[in-house]
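If you want the building blocks of each chain, they are given just below.
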Amino acid sequence: MSFSIAVVIPTYNRLQLLQEAISSVRRQTQKVDQIIVVDDGSTDETLTWCGQQDDITLCISQRQGPSAARNLGAGRTNHQWIAFLDSDDVWHENYIQKAMQVIQQTPDCRFVVLNFELTDKTLNAKAGRQGFVAAFPAFRSSEKLFSFLFPQKYNSKIWHGPAQFQALFGNWMQPSGLVIERSLWRQAGGFNERLWRCEDMDFLLRIVRIAPATLIMTPHYLWRQGQTESLASDSHSQELKKTGLRVMSTEGLKIAKQRPMFFAIWLTTLVWMTGDLIVGQSLRLIRRFEGHAHVQGAVQTLTSLLNIIVPVVIAREYLRADFASYRMFSVYLSSVSALSLTSGLWSMIPYWNAQVGGEKKLAAAWALQCAGGLLVATVVFAFSIYSSGSLH
């Protein structure tokens, strides 16, 4: 089986990292046929350096984003296969060789996704979980659980089979680990150039509707993280979540329409992604007020009061006969206590970062919140007795 492959590397103001990425391509045990670098409007020395390299095909773009850069590079090759590599990542020496072996051994293979090692900015491996399991929620619970979704030709190192259902769990493809048949890239319409983030999830949801997936579970490249300028850095996490939710709601819906039996998992994923976005927004709000004890105290007190008032209003409207019962009021009081404990623990979040005297302010805020909750609970209790005349 003939095998010709080009590698497409989009870059923007990352000359040193780009040089490391290209060095990893040049060290491959199975040589690539073409190295295409797409400079997306860099203002450093990237253009000069690339122009001096005899083995690099240079494409120039004007800051149109990673999707447009990848599409531009992919459109400049006639080779059968395309491998994408982000300019801050590094391949293992046998990356292309392994991909080629798996493709040759799998007759209906049209794209391969390879596993990776997560590293810091200096390419030191991160502690704890690694690869797919660490980076993608679809794998996070268990490799064995996710492998159940690939019943065909499954073994511990290679997974292959239809993957529409798996893609609805969320993204599990990173561009630096994608080797794809050029005809499939073209058939799927390339990367969505309107997306600067989550373009990989969008592309995955489209290609799994056309072809089965092949996953290589052993790590074959280094995914560098911690780059502050990266579009996928922690500073852009909320934008990533918003875009991911939008992508899943559109491209995921197309799979659900095509395969109605998958509608439930698609809807479940949407709910989970929405909840994750809300939690993330809430945590960002909390961090903004970490140094403002009086604001935290007011918010916590208000939250505690609402937790008392809302059930009381509902009870007065729908459960008039039982409102003053000891049993019903115990439910209210328990609910208040649970929220008071939760908000109290919340107030401990900034405790570790408090400035001199900050501990006392936080303690005062917590006391104020608890006192306010106790005061309203007492008023409600007294009102329940007054309005009914007795406790049942």
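Use the structure listed above.
These figures come from a predicted structure and were not determined experimentally.

Engineer: What is the right way to look at the packing of helix α10 (residues 199-207) against helix α11 (residues 237-258) in this model?
Structural biologist: Two quantities define a packed helix pair, namely the angle between the axes and the distance from one axis to the other. Running from N to C, α10 and α11 cross one another at 5°; their axes reach a closest spacing of 9 Å. Taken together, the axis directions place α10 and α11 in an arrangement best described as roughly parallel. Residues M201, D202, L205 and R206 of α10 touch α11, and the partners they reach there are G244, V247, M248, E251, G252 and I255. Considered class by class, the residues forming the contact of α10 with α11 number 5 nonpolar, 2 polar and 3 charged.

Engineer: I would appreciate a short explanation of helix α4 (residues 95-105) in the present structure.
Structural biologist: Along an α-helix, residues three or four positions apart point the same way, because every turn accommodates 3.6 residues. Taken together, the buried positions of α4 are Y95, I96, A99, M100, V102 and I103. Taken end-on, α4 shows its buried residues confined to a sector of 165°, consistent with a single buried face.

Engineer: Is there a simple way to think about the packing of aromatic side chains in this case?
Structural biologist: Two numbers describe a pair of aromatic rings. These are the distance of the centres and the angle of the planes. Within the structure shown, the criterion is met by 14 aromatic pairs. Taking the centre distance of 5.9 Å and the plane angle of 90° together, the rings of F116 and F136 count as edge-to-face. Taken together, the positions of F116 in strand β6 (residues 111-119) and F136 in the loop between α5 (131-135) and α6 (137-140) put the pair 20 residues apart, joining distant regions of the chain. F116 gets classed as buried once you look at its relative accessible area, which sits at 2%. Accessibility expressed as a relative area gives 6% for F136, which makes it buried. Between F116 and Y221 the ring centres are 5.6 Å apart and the planes differ by 50°, which places this aromatic pair in the tilted class. Here Y221 lies in strand β9 (residues 213-224) and F116 lies in strand β6, a separation of 105 residues in the sequence. The residues F116 and Y221 share a single accessibility class, namely buried. Here a set of aromatic residues connected by ring pairs shows up, and it is made of W91, Y95, F116, F132, F136, Y221 and W223.

Engineer: Would you mind showing me how to read the pattern of salt bridges here?
Structural biologist: Opposite charge on two side chains permits pairing when their charged atoms draw close. Throughout the structure, instances matching the rule amount to 11 salt bridges. We note a salt bridge from R26 to D55, for which the minimum N-O separation is 2.8 Å. Of this pair, R26 sits in helix α1 (residues 15-26) while D55 sits in the loop between α2 (46-51) and β3 (56-61), and the two are 29 residues apart along the sequence. The shortest N-O distance in the salt bridge between D86 and R70 comes to 3.0 Å. A residue pair is termed long-range when its members are at least 10 positions apart, and D86 in the loop between β4 (81-84) and β5 (90-91) and R70 in helix α3 (residues 66-74) qualify at 16 residues. What makes D86 buried here is its relative accessible area of 13%. With relative accessibility at 3%, the residue R70 sits in the buried group.

Engineer: Please clarify how the pairing of β4 should be interpreted in this entry.
Structural biologist: Across a regular strand the side chains alternate sides, sitting on one face of the sheet and then on the other. Going residue by residue along β4, you find W81 and A83 tucked away on one face and I82 and F84 tucked away on the opposite face as well. Bridging between strand β1 (residues 5-11) and β4 involves 4 bridges; their strand directions are parallel. Looking at β4, one finds that V7 is bridged to A83.

Engineer: What is the right way to look at the pairing of strand β2 (residues 34-40) in this model?
Structural biologist: For β2, the tally of buried residues reaches 7 of 7 residues, placing the bulk of the element in the interior. The alternating pattern of β2 places Q34, I36, V38 and D40 and I35, V37 and D39 on opposite faces, both of which are buried. Here β1 runs beside β2; their pairing, made up of 6 bridges, is parallel. Within β2, the residue paired with I9 across the bridge is V37. Where the polypeptide runs from β1 across α1 and back to β2, its parallel neighbour, the crossover connection is right-handed. Note: β2 against β3, 6 bridges, orientation parallel. Bridging from a neighbouring strand, D40 pairs with S61 of β3. At this point the chain moves from β2, through α2, to the parallel β3, and the crossover so formed is right-handed.

About the cut-offs
Residues numbered from 1 in each chain as written. Predicted model: local features only at pLDDT ≥ 70, side-chain atom pairs only at ≥ 80, totals over all residues. Heavy atoms only, no water. Axes fitted to C-alpha atoms, helices over the stretch in contact; angles between N-to-C directions. Helix = DSSP H or I, 4+ residues; strand = E, 2+ residues; numbered from the N terminus. Parallel < 35°, antiparallel > 145°, perpendicular 65-115°, else oblique. Contact = heavy atoms within 4.5 Å. Nonpolar A, V, L, I, M, F, W, Y, C, P; charged D, E, K, R; others polar. Buried < 20%, exposed > 50% of the residue type's maximum accessible area, 1.4 Å probe, protein only. Arc of directions from axis to C-beta. Phe/Tyr/Trp six-rings, centres within 6.5 Å; stacked < 30°, edge-to-face > 60°. Salt bridge = Lys/Arg side-chain N within 4 Å of Asp/Glu carboxyl O. Pairing = 2+ DSSP bridges. Right-handed = clockwise from strand over helix to strand, strands pointing away.

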